[in-house]
Amino acid sequence: MRFTVELIIMNKEGVRDPEGETLQKYVVEKFTSKFLSTRVGKYLRFEVEGSSREEVVELVKRLANERRLYNPLVHKIEVRVVGQDGGD
């Protein structure tokens, strides 16, 4: 089966986000004061072959860890399966 999998990389809570702070100050606050904070991250989307949702989630996690797509000291990751072709 083919799965669409998202990998979201964000700074951990308590870790400064200078890019998010800059966006908040110079773009968002000039638009409205209703947004309380802004955080910036990375979004990657993969089409993955696998036999189950669990398999492809684990595969994407391994890719992120083994190929250093993020720094586990300052980042957290979220992996989500958002689509599937080939039946459940």
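Look a little higher up for the structure.
Since we're looking at a predicted model, the values are computed, not measured.

Draft legend 1. Up close: the overall build of the protein. Within the protein, the regular secondary structure consists of two helices and three strands. Helices and strands appear in the protein in the N-to-C order β-α-β-α-β. Taken over C-alpha atoms, the radius of gyration comes to 16 Å for the protein, far larger than the 12 Å a tight globule of 88 residues would show. Burial statistics for the protein: of 88 residues in total, 27% are counted as buried. Within the protein, contacts between residues separated by at least 24 positions form 75% of all contacts whose residues are at least 6 apart in sequence. A total accessible area of about 6,500 Å² is found for the protein, and carbon and sulfur atoms account for 52% of it. A distance of 7 Å separates the average location of the 16 positive side-chain charges in the protein from that of its 15 negative side-chain charges.

Draft legend 2. Quick peek at unusual backbone geometry. Even without being a glycine, Arg68 presents a positive backbone phi close to 55°. Mapped onto the fold, Arg68 is located in the loop between helix H2 (53–66) and strand E3 (75–85). A relative accessible area of 62% means that Arg68 is categorised as exposed.

Rules used throughout
- Residues numbered from 1 in each chain as written.
- Predicted model: local features only at pLDDT ≥ 70, side-chain atom pairs only at ≥ 80, totals over all residues.
- Heavy atoms only, no water.
- Helix = DSSP H or I, 4+ residues; strand = E, 2+ residues; numbered from the N terminus.
- Rg over C-alpha atoms; globule rule 2.2 N^0.38 Å.
- Buried < 20%, exposed > 50% of the residue type's maximum accessible area, 1.4 Å probe, protein only.
- Contact = heavy atoms within 4.5 Å.
- Areas by Shrake-Rupley, 256 points an atom, 1.4 Å probe, with all protein chains shown as cover.
- Lys, Arg positive; Asp, Glu negative; His and termini not counted.
- Charge placed at Lys NZ, Arg CZ, Asp CG, Glu CD.

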